[in-house]
Amino acid sequence: MAVKFYKSENQVPLEMHKVRVVQKLNLLPVEKRLQAIQGAGNNTFLLQNKDIYMDMLTDSGVNAMSDEQTAAMFTADDSYAGSETFNRLRRAVKEVFGTEYLLPAHQGRACENILAEAFVKPGSVAIMNFHFTTTKAHITRCGGEVVEVVDSKGLQPQSDDPFKGNFNLDVLKETIEQYGPENVAFVRVEAGTNLIGGQPVSLENMLAVADVCHKYGVMSVLDASLLQDNVYFMKTREAQCKYMTTKQIYHLLADKMDIIYFSSRKLGFGRGGAITSHNESLMKSLMEFIPLYEGFLTYGGMDVRSIEAVAVGLYESLDMDYISQGPEFIQYLVKELDDYGVPVIKPAGGLGAHLNCSEILPELPHNQYPAAAVAAALYIAGGIRGMERGTVSEQREPDGSERYAELELLRLAMPRRVFTLSQVKYCADRVKWVWDNRDLIGGLQWTEEPKVLRFFFGRMKEIGHWQEDLAEKFRMDFGDSL
Ligand SMILES: *Cc1c(COP(=O)(O)O)cnc(C)c1O
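A quick note: this is a predicted structure, and the numbers were derived from the prediction, not measured. (Residues numbered from 1 in each chain as written. Predicted model: local features only at pLDDT ≥ 70, side-chain atom pairs only at ≥ 80, totals over all residues. Heavy atoms only, no water.)

(A) Highlighting the overall build of the protein. Helix and strand content of the protein: 19 helices and 14 strands. Its C-alpha radius of gyration of 22 Å places the protein within 12% of the 23 Å reference for a compact globule of 482 residues. Dimensions of the protein, computed from C-alpha atoms along their principal axes, come out at roughly 65 × 55 × 45 Å. Counting only residues that meet the buried cut, the protein has 57% of its 482 residues in that class. Expressed as a percentage of contacts within the protein between residues at least 6 apart in sequence, the contacts between residues at least 24 apart total 73%. For the protein, the exposed surface amounts to about 20000 Å²; the carbon and sulfur share of it is 51%. Within the protein, one finds 50 positive and 64 negative side-chain charges whose respective centroids are separated by 4 Å. (Helix = DSSP H or I, 4+ residues; strand = E, 2+ residues; numbered from the N terminus. Rg over C-alpha atoms; globule rule 2.2 N^0.38 Å. Buried < 20%, exposed > 50% of the residue type's maximum accessible area, 1.4 Å probe, protein only. Contact = heavy atoms within 4.5 Å. Areas by Shrake-Rupley, 256 points an atom, 1.4 Å probe, with all protein chains shown as cover. Lys, Arg positive; Asp, Glu negative; His and termini not counted. Charge placed at Lys NZ, Arg CZ, Asp CG, Glu CD.)

(B) Spotlight on the sheet that holds strand 11 (residues 387-389). Spatially, the 3 strands line up as an open sheet ordered 9-12-11, and their pairing is antiparallel. Two strands close off the open sheet at either side, each with one partner strand: strand 9 (352-356) and strand 11. Across the sheet, the axes of successive neighbouring strands diverge by a mean angle of 30°, strand direction being ignored. Both strand 11 and strand 12 (residues 409-413) contribute to a ladder of 3 bridges, which runs antiparallel. When the sheet's bridge partners are listed, R389 is paired in strand 12 with L409. Against the sheet, helix 16 (residues 370-382) engages strand 9, strand 11 and strand 12, with an angle of about 45° to strand 12. (Pairing = 2+ DSSP bridges. Axes fitted to C-alpha atoms, helices over the stretch in contact; angles between N-to-C directions.)

(C) The arrangement of the UniProt feature "domain: Aromatic amino acid beta-eliminating lyase/threonine aldolase" (unreviewed entry) in the protein in detail. The UniProt feature table records "domain: Aromatic amino acid beta-eliminating lyase/threonine aldolase" (unreviewed entry) at residues 55-427. As annotated, residues 55-427 comprises 43% helix and 13% strand, and the C-alpha atoms at either end are separated by 11 Å. (UniProt positions renumbered as here; feature names shortened; annotations may be inferred.)

(D) Just the sheet that holds strand 8 (residues 273-277), in detail. Pairing within the open sheet is mixed, and its 7 strands lie in the order 2-8-7-6-5-3-4. Each having just a single partner strand, strand 2 (101-105) and strand 4 (145-148) make up the two edges of the open sheet. Between one strand and the next, the sheet's axes are offset by a mean angle of 20°, whatever the strand orientation. Two elements, strand 3 (residues 125-128) and strand 5 (residues 184-190), share 4 bridges in a ladder whose sense is parallel. Bridge assignment links I127 to a residue of strand 5, and that residue is V187. With respect to the sheet, helix 6 (residues 169-179) is in contact with strand 3, strand 4 and strand 5, its orientation differing from that of strand 3 by roughly 175°.

(E) Structural view of the UniProt feature "modified residue: N6-(pyridoxal phosphate)lysine" (unreviewed entry) in the protein. In the numbering adopted here, UniProt assigns the feature "modified residue: N6-(pyridoxal phosphate)lysine" (unreviewed entry) to K266. Counting through the fold element by element, K266 comes out in the loop between strand 7 (259-263) and strand 8. Those residues within four positions of K266 in sequence are excluded, and the remaining contacts are D59, S60, N63, F132, N194, S225, L226, Q228 and R416.

(F) View of the domain arrangement of the protein. Domain annotation for the protein reports domain 1 (30-59 + 323-478) and domain 2 (67-321). For domain 1 versus domain 2, the separation of C-alpha centres amounts to 29 Å. On the domain 2 side, the residues contacting the 23 residues of domain 1 number 30 residues. Interface of domain 1 and domain 2: buried area, both sides summed, is about 2300 Å²; carbon and sulfur atoms make up 51% of it. Counting across the domain 1 and domain 2 interface gives 2 salt bridges. Measuring nitrogen to oxygen at the nearest pair gives 2.9 Å for the salt bridge that ties D229 to R416. Viewed at the interface, domain 2 and domain 1 are joined by 17 residue pairs in polar contact (both at pLDDT 80 or more). (Domains from an automatic or database assignment. Buried area = accessible area lost by both parts, 1.4 Å probe. Salt bridge = Lys/Arg side-chain N within 4 Å of Asp/Glu carboxyl O. Polar contact = N/O pair within 3.5 Å; in protein donor to acceptor, adjacent residues only side chain to side chain.)

(G) Broad picture of helix 16. With 13 residues, helix 16 ought to run about 18 Å at 1.5 Å a step, and its terminal C-alpha atoms sit 18 Å apart, in line with that. Trailing helix 16 by a residue or two, G383 shows a phi angle of about 65°, which is positive. (Expected span 1.5 Å × (residues − 1).)

(H) The site of the ligand, seen in detail. Taken together, 15 residues lie around the ligand, and Q107, R109, D223, S263 and K266 are the ones closest in. Within the contact set of the ligand, an oxygen atom lies 2.8 Å away from a side-chain nitrogen or oxygen of Q107. Between the ligand and the protein, one listed contact pairs a nitrogen atom with a side-chain N or O atom of D223 at 2.6 Å. Considered on its own, the ligand offers 380 Å² of accessible surface; in the complex 99% of this is hidden by protein. (Near = heavy atom within 4 Å.)

(I) Structural view of the nonpolar core. In this structure, M56, L333, L355 and L412 are the most contacted members of the largest nonpolar core, which totals 62 residues. Of the residues forming this core, the biggest block, 11 residues, is contributed by helix 16. Not counting residues within four places of it along the chain, the set of residues in contact with L333 comprises M56, A353, M414, V424, C427 and A428. Of all hydrophobic cores here, the second largest spans 55 residues; its members include L172, A224, C241 and I260. (Core = buried A, V, L, I, M, F, W, Y, C linked by side-chain atoms within 4.5 Å.)

(J) Seen up close, the packing of helix 1 (residues 30-39) against helix 16. For the pair helix 1 and helix 16, the least separation of the axes is 7 Å and the interaxial angle reads 150°. Comparing their axes, helix 16 and helix 1 come out roughly antiparallel. Judged by the twist between their axes, the crossing of helix 1 over helix 16 is right-handed. Where helix 1 approaches helix 16, its residues V30, R33, L34, A36 and I37 are matched on the opposing element by A376, Y379, I380, A381 and G382. Across the contact of helix 1 with helix 16, the residue classes break down as 8 nonpolar, 1 polar and 1 charged. (Parallel < 35°, antiparallel > 145°, perpendicular 65-115°, else oblique. Left-handed = near helix turned anticlockwise from the far one by under 90°. Nonpolar A, V, L, I, M, F, W, Y, C, P; charged D, E, K, R; others polar.)

Okay, here's the thing in structure tokens:
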């Protein structure tokens, strides 16, 4: 960050905003936390927000809005067609991306649904650095196949590569040639690659991917949901971007890519989504799906107040003071944990910090769900809710056997502009305590296992008695404190 501290040992990321609306938090005593996580079937999705001190489940739709966003919501123009609110969104998108054409949708996956309906045919392939859950679901539903061509460094838990989301360009070309350009529905670039730890793609790599697409006559699509973190990393990690403005970067990408879509639950600090492009005929081919699935062309399933908030939030996504806050807090948390020896995904990305639970509990087999066990342990230790991103988040094979996740991760998302640094320090402290007491942590087994999306609704119980032992150890170490 631009602010340098007088004493270098005091250097911390400094918020360039102040908090003017607050929400009270509860921190339950450890006995109640034990009850709450067991009552939730050891599934953090089933915890109640009132029982949570730090909610680090996701960065989606939970980012703090600015005073200007909130103020804009009062000026919303509530008309079914031709709303002035939509014109303001159009102007914001034009400012940020420079693009002329805009189709609204109610969230990111709704854009994916429309792109898949329009372009994915049975037998076709969508090539991407890495899949996202909802993206893959829509493509496979339409009979397409997803092929991932992320550089191998992207899948190493620990690396000093600044752009682990980069495409392997040779593999990209080979894949297009192998399937034949006519069978490629599109090449999708995911900025801030979500499922491998919010890892960015370099500007150089994104532009090179677009060039490859042009050469083969294949459509390029940018998933810009996590682009604001990615632009922060381009500015701070990529030499050619240092003296570019954020707006120049957004525009350069929009000039090169055929289609851009995003979830405004992330980009724009609001709720909603949109598809945008310079290409009129491509956008015309998508237009008919908006009234069919979303709503009329000037609201697309979004509430007008949300559209106002997103319009203002998009301008804010150009402002380094705002977009640096998330990545810098994540970097701080990752460094705290790494310095202490806790296995974390490195380098720090956007979105959140990711604990490598295969290394925290190396003896615990995949089918006792190490990442879910650490998630439960961290809730018991500190009322902190993370999200399991390991084997529980996978789906069983058709024959009923488990598909083991490549990495057993616990994601601690960092909602943008939400937490103070003391809360982040508290989180680091409780993770360190969990790490020091990892020998006490045991496995989990299913009590209710849904066939689809089990990570949302499924319930599990501890194997043995380790959760009570962990709570008792907490009492020994912390006395009667929370
Ligand atoms: C969250 C996300 C989506 C889906 O957006 P929703 O608004 O949650 O539907 C798509 N792509 C990426 C990269 C995301 O992070």
